[in-house]
Each structure stands twice: as C-alpha cells, then as structure tokens.
Amino acid sequence: MSTNSSYKGGIVIPNPYPPKEIGITQASLPSKVVLSLNERMTEKAIPCVEVGDRVLTGQIIALNDDYNSVPIHATISGEVTSIDDQLIPHKSGFKTQCITIESDGKDEWVKGHNSTTDYLKIEPSELIDRIRNAGIVGMGGAGFPTHTKLGLAKNCNTIIVNGTECEPGIMCDDVLMQNYPKEIIRGVEILLHICRADRAVIAVEDDKREALNSLLLYNFNDKITIELIPTKYTSGSEKLLIKTLFNKEIPSGGFAIDEGFVCQNVSTVKAIFDAVIDDKPLVSRIVTVTGSAISKPDNYEVRLGSSIEHIASISIPNNKYSVRMGGMMMGIDVPSIVAPISKISNCIFINYESSDIDPKECIRCGACNQVCPVELLPQQLYWYSKSGNTEKAAEYNLLDCIECGCCSYVCPSHIPLVEYFSFAKALHRKQTEEKNRAEIARGRFEYREFRIERNKLERAEMMNAKKKAIKAKMAKEKSQKDKIAAAMERVKKKKGGSSAQ
Amino acid sequence: MLYSVIIFSLMALFIGLVLGYAAFKFKVDGNPLVDQIDAILPQTQCGQCDYPGCRPYAEAIASGDAQINQCPPGGQEGVDALAELLDVETMFLNEEHGETKPKRVAVVDESVCIGCTLCIQACPVDAFVGASKVMTTVIADECTGCDLCIPVCPVDCIDMVEIMPTMRNFVPDIAEVASVY
Amino acid sequence: MHSNTLNTSQIMRQVIYALSVGVFACYYFFGWGVILQIVLAVVTALAIESCFVRLRGLPVKIAISDGSAVVTAVLLAISIPSIAPWWVIVVGVSFAIIFGKQLYGGLGNNPFNPAMLGYAFLLISYPLQMTTWSSDFLTFSASIDMMFNLSSVDTLTGATKLDQVKTQISLGSMVDSLDIYSVSQSWINAGFLLGGLYLLIRKIIFWHVPVAFISGVFITASVLFLINDKIYLPPHLHLMLGATMLGAFFIATDPVSSSTTPNGRLIYGFLIGVLVVIIRVFGGYPDGVAFAVLLMNIAVPLIDSYTQPRVFGK
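Residues numbered from 1 in each chain as written. Chains lettered and ligands numbered in written order. Predicted model: local features only at pLDDT ≥ 70, side-chain atom pairs only at ≥ 80, totals over all residues.

### Brief notes about the overall build of chain B
- The helix and strand tally for chain B stands at six helices and four strands.
- Put simply, chain B runs from its N terminus to its C terminus through helices and strands in the order α-α-α-α-β-α-β-β-β-α.
- At 25 Å, chain B has a C-alpha radius of gyration far larger than the 16 Å of a compact globule built from 181 residues.
- With respect to the principal axes defined by its C-alpha atoms, chain B has extents near 95 × 55 × 30 Å.
- Counting across all 181 residues of chain B, residues that qualify as buried make up 23%.
- Here the analysis covers contacts within chain B between residues at least 6 apart in sequence; of these, 57% occur between residues at least 24 apart. (Helix = DSSP H or I, 4+ residues; strand = E, 2+ residues; numbered from the N terminus. Rg over C-alpha atoms; globule rule 2.2 N^0.38 Å. Buried ≥ 20, exposed ≤ 12 C-beta atoms within 10 Å, placed from the backbone. Contact = placed C-beta atoms within 7 Å.)

### Topic: the domain arrangement of chain B
Residues and elements named next belong to chain B.
- Domain boundaries in chain B define domain 1 (32-97) and domain 2 (101-164).
- Computed over C-alpha atoms only, the centres of domain 1 and domain 2 are separated by 25 Å.
- Tallied by class, the residues present in the side of domain 1 that touches domain 2 amount to one nonpolar, five polar and no charged. (Domains from an automatic or database assignment. Nonpolar A, V, L, I, M, F, W, Y, C, P; charged D, E, K, R; others polar.)

### A short note on the environment of B:A39
All names here are of chain B.
- Within the secondary structure, A39 is located in helix α2 (residues 32-40).
- Looking at A39, the number of C-beta atoms within 10 Å reads 16, which means it is partly exposed.
- Taking C-alpha positions, A39 is 9.4 Å from R55, a pair spaced 16 residues apart along the chain.

### Digging into the interface of chain C and chain A
- On the side of chain A, 29 residues touch chain C, which itself brings 24 residues to the contact.
- Residues of the side of chain C that touches chain A, tallied by class, amount to ten nonpolar, eleven polar and three charged.

### Regarding helix α6 (residues 114-125) of chain C
Residues and elements named next belong to chain C.
- With twelve residues, α6 should cover 16 Å at 1.5 Å per step; its first-to-last C-alpha distance of 16 Å lies within 8% of that length.
- With nine of twelve residues buried, α6 lies mostly within the body of the structure.
- When α6 is considered as a whole, its buried residues turn out to be P114, A115, M116, L117, G118, Y119, A120, L122 and L123.
- On its buried face, α6 is in contact with α4 (68-79), α5 (86-100), α7 (127-130), α13 (244-251) and α15 (289-306). (Expected span 1.5 Å × (residues − 1).)

### Re the domain arrangement of chain A
All names here are of chain A.
- In terms of domains, chain A is made up of domain 1 (120-279) and domain 2 (356-472).
- A straight line from the C-alpha centre of domain 1 to that of domain 2 covers 35 Å.
- Taken residue by residue, the interface counts five residues in domain 1 and five residues in domain 2.
- Each residue belonging to the side of domain 1 that touches domain 2 can be placed in one class, and the counts come to two nonpolar, three polar and no charged.

### Focus on the sheet that holds strand β9 (residues 158-163) of chain A
Residue and element names in this part refer to chain A.
- The parallel open sheet is built from four strands, whose spatial order is β11-β10-β9-β12. Every interior strand has two partners, whereas the edge strands, β11 (224-229) and β12 (261-265), have only one. Across the sheet, the mean angle from the axis of one strand to that of its neighbour is 25°, orientation sign disregarded.
- Relative to β11, strand β10 (residues 199-205) runs parallel, the two sharing six bridges. In the sheet register, A203 faces β11, and the bridge partner there is E227.
- Where helix α6 (residues 238-246) meets the sheet, its contacts fall on β9, β10, β11 and β12, and the angle it forms with β9 comes to roughly 110°. (Pairing = 2+ DSSP bridges. Axes fitted to C-alpha atoms, helices over the stretch in contact; angles between N-to-C directions.)

### Focus: the packing of helix α1 (residues 124-133) of chain A against helix α7 (residues 266-277) of chain A
Residue and element names in this part refer to chain A.
- Between α1 and α7, the shortest axis-to-axis distance is 9 Å and the interhelical angle comes to 110°. It follows from the interaxial angle that α1 and α7 lie roughly perpendicular. Note on element contacts: α7 touches α1 through I272, A275 and V276, opposite L127, R130 and I131. (Parallel < 35°, antiparallel > 145°, perpendicular 65-115°, else oblique.)

### What to know about the pairing of strand β5 (residues 60-63) of chain A
All names here are of chain A.
- Direction of pairing for strand β3 (residues 46-47) relative to β5: antiparallel, over a ladder of two bridges. Bridge pairing in β5 links P47 to A62.
- The pairing of β5 with strand β6 (residues 72-73) spans two bridges and is classified as antiparallel. Note on β6: the bridge partner recorded for A62 is I72.

### With respect to the environment of A:S284
- Note on placement: A:S284 falls in strand β13 (residues 284-290).
- In this view, A:S284 contacts A:T75, A:E301, A:V302, A:R303 and A:L304; residues no more than four positions away in its chain are not counted.

### Brief notes about unusual backbone geometry
- Positive phi is not limited to glycine here, since A:E375 has a value of about 60°.
- By secondary structure assignment, the location of A:E375 is in the loop between α9 (367-371) and α10 (378-386).
- For B:D87, which is not glycine, the phi dihedral falls at a positive 60°.

### So, the confidence of the model for chain B
Residue and element names in this part refer to chain B.
- Mean pLDDT over chain B stands at 85; residues scoring 70 or higher make up 97%.
- Confidence scores differ between elements of chain B, with helix α6 (residues 174-177) showing the lowest mean pLDDT of 73 and helix α1 (residues 2-25) the highest of 93.
- Complex prediction metrics read pTM 0.84 and ipTM 0.82. (pLDDT = per-residue confidence, 0-100.)

### Digging into the environment of A:E353
- Position of A:E353 relative to the elements: it lies in the loop between β17 (347-352) and α9.
- As for A:E353 and A:K154, which are separated by 199 residues in sequence, their C-alpha atoms are 49 Å apart.

### Some thoughts on the sheet that holds strand β1 (residues 24-26) of chain A
All names here are of chain A.
- Taking strand neighbours across the sheet as the criterion, the six strands line up as β1-β14-β13-β17-β15-β16 in an open arrangement whose pairing is mixed. Because the sheet does not close on itself, it has two edges, and the strands there are β1 and β16 (332-334). For this sheet, the mean angle separating the axes of adjacent strands, direction not counted, is 35°.
- Across five bridges, strand β15 (residues 321-325) lies against β17 in antiparallel orientation. Across the sheet, M325 pairs through a bridge with I348, a residue of β17.

### Side note on the packing of α5(C) against α6(C)
Residue and element names in this part refer to chain C.
- Where α5 contacts α6, the axes come no closer than 8 Å and their chain directions differ by 130°. If you check the angle between α5 and α6, you find them oblique. Taken as a pair, α5 and α6 cross one another with a handedness that is right-handed. Of the residues in α6, those touching α5 at V88, G92, V93, F95, A96, I97, F99 and G100 are P114, A115, L117, G118, Y119, F121 and L122.
- By residue class, the composition of the contact of α5 with α6 is twelve nonpolar, three polar and no charged. (Left-handed = near helix turned anticlockwise from the far one by under 90°.)

Written out as structure tokens, the structure is:
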C-alpha cells in the first residue's frame, strides 16, 4: 500500500481554537429531546407511538417500511409530549415533523436480547439487519444509511475507516480513537466479516499521534493496518482519501463501492460495534463544542435530540453570537441555539459575531483554481452560477464540486463561492426535474391528441360501416320485396289469366 | 481584363456548386425552429396563450403570428429564453393572458365528486383517472397545473394546491447570496 | 473562517509599493516630471471613478477603496513621457477608467487592461506628445513649467533610445556601430525587476506570466539576432530597454484581463513577449508592450477554453 500519493489542491488550515488537552465529558441527561422523523436520504418515518405514551430508551418510536429507511429510537425514557413540526438544523431553515420526549430522569433502557461476542457465526445479512435496526447512518456528516451501503458492497476488497477528521477544529473522532480503540478495532473486524474483505485500513492524519498510538496498542489483526496521511483539509473526503491511500481515482459520477472500497467514518464503526456486540441502538454521539464564544473547547458525549444549548455554555451570553453546526468550512448556520443535535452533528461552532468583510468583485486572480481538490475552475463556475447559467456551469463540471469551501477560504475578495455553487446545483436539479416533467406532459398531450384523432377516425369508419350495412340490408330487403312483388305479379297474372278463360 | 472575367466566373461557379451541395446535403426536414421553441415552453397545455396547446403556440411564434410574451406559466424567464433563441428584444410578460402563478396541482375532494367525467375530458394531458359514475382522482405527477378542469366541474370539487418546496428540492435565494457592495 | 492572505485592497497596495522602486529610478534620471504625472493621474482616476460609481447608483466609498483605479493611474503615468502636457495624462486616465473599466461593469469585468487601453488611445491620438521624451533631469519648477506650458524650458528632448536606434537602423546603420546602451533605461528596468521579484516572493503574482513573457521576448529576439546580427538588436538589450520589465511584472500580470488557467498563463505571457519584439522590430511603434498586451487580451477566452485542467475522476 502506498501512501502520500496526494491529490492537488486542498489547504493546510491550523485549528483556530486549539484546546490545551482533549478528552470526553459525559453530558448530563437532557430534560427533553426532539427527534426528527425526516432523516437525510431516506423516506420520512411514520410514528408508531402517540402523544402521552411512555417510552423507554432505545425503543423504536417511528419507522418506515422502505428498506433504505432506518428506524428512529427514543434516546431517553419518558413521555411523548408532542409530534409536530420543529426547527432542525438544515440549510433551508424549514421545520419538519419531530417527536418530542420529556425525560423522566430514570433513563430506563429497553431490554436487549441479541448481544453477542461471537459475531463471526452470524450471517452478514443478519448483521446488516441489526445495523439497520440500530438506526445507524454515516456519522461523518453525510448521514447515508449504513445498512444500504453495506448491502450494495458486492465485491468489496478493502475497508477504509475514516479517522482523518480533516476539518480544522473538530476533535470528536480524535478523542473517540484515543478512548475507545478496542471497540473500534472490533468494529472493523465486524465490517471485515460482513463485507468479506481482504484488508482494512484505518486512515489517521499525522497530527493525531495519540490516536495512532492508542489504536496500534490494541490492533492484533494482520488484516488491519493503520496509515498516517499528511494533514491537509479535504483529505477526509472519500474519493480524495482513496486517492491519497491507494493512488486510485474513482471516476466522476461513480461510487467507491463499485470499485471495491467500503468507507466508513470511525464513529459509525464504533456504533456498529455497539449495535452488534451490545445490541444497543444509536442513541448518543460525541460532539465537539468550540468557537470564539466558548471559553474551553471540549467534546461531549450527549444523547441525540438534546438541544445545542444543553452542552454549549457561552462565556458571555449577552453578546451577539452565531451558531454553526458542522465544521468551520462545511458547516451550516443554525438560527437558534435550541435546535436539536442529530446523528450527523459532529461539531458545534459558536462564534461572537464579527463584522463580516463585504465581498468585493472577483479580480480573476486564480487563487481558487489553485486550491480546488477536485481540480475544477471555481472562478468560471462562479461567473456562470452568478448568472444562473446552469448549463454552462454543468459543462465546467459543477456537479463534481464537493462544496468543501477551500475556494471561499482563499478568495482575496471574500466572495462566498460555495454558496453560489450550492445555489447553482439546486437550481440545476430543479431545472432538470422541470424539464423531465415537461417532457412527460408533452408526451401525454401528444398521445391525447393522437387518441382523439384515432377515436374520430374509428367513429367515422364505424359510421361508414354501419351505413354500408344498412344500405346492404335495404338493398337485400329491396331485392326481397322485388321478389315478392314479382311473385305476386305472377300470381295475379295467373289468377287474371285463369279468370279470363 | 479577360483574365479577371474568367477568374471571377470560375469562382462564382465554384462557390455556387459548394452552396448547392450544402443546400442539398444539409437539408433539414420540417421546421426545427418550432421544435426549439416548443422545448422552451413549459408544456402546461393550458391555452392561456389563446392557442390550443404549447405546440400550436410554438408554431404560431415560428410563423410570426404570435408574440413571445403570451405564456404565463413560462414566466418572465420563459419570455427571455424565447427572446434569446429568436435573437429579438425581450418583452415583459403580457398580463392580459394571465399572471404567473407558482406551481400547483389539482386535488379532487373525493367526498363531493359525482363521477360526471367532465374533468377527464377537459384535461389536456390525461392526468385524471376515473370513469362514468365512478370517483375520479388526479395523478399528481402528471398534472401540469393548467386550471382547465376547474371551470368544468359541476360540483366545484377540484382545488388547486400549491406545491411547496421541501428540504430536498429547496433552492436558496440568489439575491441573498449575491450581495456585492 | 477565512485565510490570512491579503485581500484585494491590500494586494493593490502592495503592487503600488513594489512600483515605487522603479518610479524612484525614473525620478533619479528624469526628475520630478514622473512624480507630478502620477499625482495628477491618481487624482483624476479617483475623481472619474467616483463620478461613474455614483452614476451607476453604487456606494462610492467601497468602490474607491479597492485601490485598482490608483494602480491603473500609476501605471499609465509611468508609461507616458514625464514632460507630456497635463491634459495628456488627464485624458488618458479618464479614457482608461471610463472605457477600460467602468463601462464594462467595474473591477473584475473588463476584458482589456485599462492602463494599456489608455496608453494605446493616447499614442494614436497624440503621437507627438507621446513620443517626445526628456533626456535630462528636470527640477520641480521646470517640470511644472513643461507640463503646464508656463514658459519655455531649455532642455533636451527627443525620442527614446529604442526609437532612435530603430530610426537609425532603418536609415541603414549597422547595429554594432551604434550606441545602443542606455544607462537610465537599464536602471529603470532593473528597478521594476526588483519590484516584480518582491511581488513574486510575497506570492501576490504568480510566476507563470513574467517568466513566460521574458522568455518570449528573449527567445524571439535571439532568433532574430541569430538570423542577422547586423540589423537586429541583441536579446539582452530587449530586456533592458523599453517597458519590458514593467510589462512583465506589472502590466501583463493584471489578473482581471489575463488568462486564468496556469497553462493558459504560460501561453498568454509567451505570446505577449513574442508580439512585443515583433512590433518593436517590424511594427510602426517604438515599443510594443501596450499593443501586444491588448491583442492577447482578446485571445484570453480562447486560450482559457483550450487549457482547462483535467478534472479529478474524469
């Protein structure tokens, strides 16, 4: 295995709020949790409890028959107080249906029946079902349902465990690897068994030496190796990580799964361990809380659905601050600090609002071209996105943009480039959908015209045929009448002739 | 003098042959302009442009009988796109033909429907499913929001419901993003 | 959430600092003329830009503070003779800002280098004033007199060294019999070279355009010199005379009007260099930097579309 076959682009960004030491703080039980039923990339879950029901921790409270959906679990025990629309962190700022549970303080768990240490005897398909039932999705930020990914991995030869945590400021994966190395290694072994892969690689950035050492201490499996890769932002992106580790480029529009690679975030791997060995569903995660408004950056193990406020203590609460969920480069702004934490919330940034520098015009300096890890031309994409010319932008490979934010970071005119690209991508999706709908409508309209014409013709033909039939009938009748008249004439003649004699 | 006459005659002959060959080889069947115009129109088939469908309107534009600003569902963007295609000045959408409304679909109130099938006959894209004396319903994915079924329903049981953007197909407002100066 | 690299206004300021070395060299040899021209140019540029930004309905302060108009003004003021009448620079800068920048939509939207557009306009409209250079050091009062035509000043004026050499060659002299070195021009070019290296080290400009430009000049001049060393100047002279270094580091590197892809920049710079020498030798003007840059500005969209880098995964 070769390392350091790096890709062009990407930036080395120092951690803006480095802590003196890092560890995990167990957050207290929240007083209530708000659990969204609309998980990313899956169908909406339908509640199977009602307002007023008492639920236990780990109990399934909503699910959907669609195979790709994961069930939603209660993350604390208590009473379901409402099932209504609540604000969740999302770019659109829309509300979505959520189940709110008030804690009874007891944290009573649902009984688990399937805990096992002998996972090697269990069929991979059953293990995948367990992963589904535990509600596990990609915890690195994408939220893709893990069981779907594993189910699609037909010819997997390599498992990649993404412990790079390349976005500066986030430490939750680092601290997980330092404190739970045994569970992670066991989780990787479970994945090796499920995917029937030959080898597994745990990728760690070279600024995380303690994590590396802690993993090495507990790794006795020949199939698992731990690779150090150069610290660089965007090295954690799946395709770029594969390029760095194996010098292989997944074709644009293709998937790593099809090339034999299964990539999972290290937090997801630990969740898989919990699900298979301890039969515990995914109810909590580690979240980094940092930012200029936080006096001591720290990592909290907190129940899903807790509000951000529950773990974020702001040093000077009266000053204006902004809340960001996710990293400083790819995160989204959250309008309120009471929004709930979800499975994909890896970090919360709380910054005192500083006066933003107004963006200036683009001077075509090309700095953005130099740092794009996918080797696009952000400058050209900017000009086309700005004018809504999604066709030309798509020609310049807009759809390959991973929205990493490297270009916005270096722009001397402070142009928010990534926001233009998100807009252009959304617009392109909408326009493509509209075009498809218009095609279908055109087709149906043309068919309807054809059908009406055809009906007319058929009717006309039928009328003609009927007319002919009547004529023929009348003609037949006429000939019949003629025969009768002729016969009667003959009879008359006979009679007349005989009477004349 | 003679040479120049000969040279120019030969050139004229040669160029004429080339043009003739091109006219023959690259001849296009039908009028592609109508197809191009039709590709821009939204295919709502509503008739607000005063033509019985999008294709007849496209043909009218191509032959010069209609203006490009008669299509409300296409909105101002549609007028601008047509102007660009035909290389003419763009115009404001002609409000006399109707106003641009957000995307809607028809929804039948099943408890009121009497199964008269008038809506099925009125729909230009056959988006209704039903039969005589049987309850009718709308295939939402096929409905173009043209409003032609509303006036014909004798019991007024059809509503036009606006399609709201969801988290999946949300498009951010570019004006908020682009605030230079 | 943003890198600590310089923003646009800071970049423009650094460019002006880098220019100061070459400007000092101009002052050292030719006196106060160049300083006065720069002052006049900057004042005119800011005034015209404010007017136009106000006409466009945008806030004036933000538009002016980015410093790009100042850079255009300084570059144009350096390019014209230091004893040109005051109205030459005023008209030139006005034309450059209005037609070279504001009418296209302001900073970032112009296809042509505004300073060079202004220079070309002036050269074609006022050929006499644009080709009469001073040969002496002029005092402050003498410069004022010459610029505002207050009284006749006793000084030597004439064409630039390049111009003189070209005329003499066309009259039949052989190159090795002429005095082709110009101390003042060499030092001025050296000053701009130093400024340019400073910009390179601070990563304000990328190396592609200057290196390609200088290579283009050197290679073309060498080819010609090898063909006939009697009527073509030696290549190193092309680098030391005229506006070569100014063009390489300050004019051709204008990011707005130059190519955007790395390979594109190499082609762009190289072809400018080639054109500069060709215009100098075979064209009707003594120095070809302005026209070479403008011609290549036209070719930029074509160069860009042919030099797109390969995208990851395709």
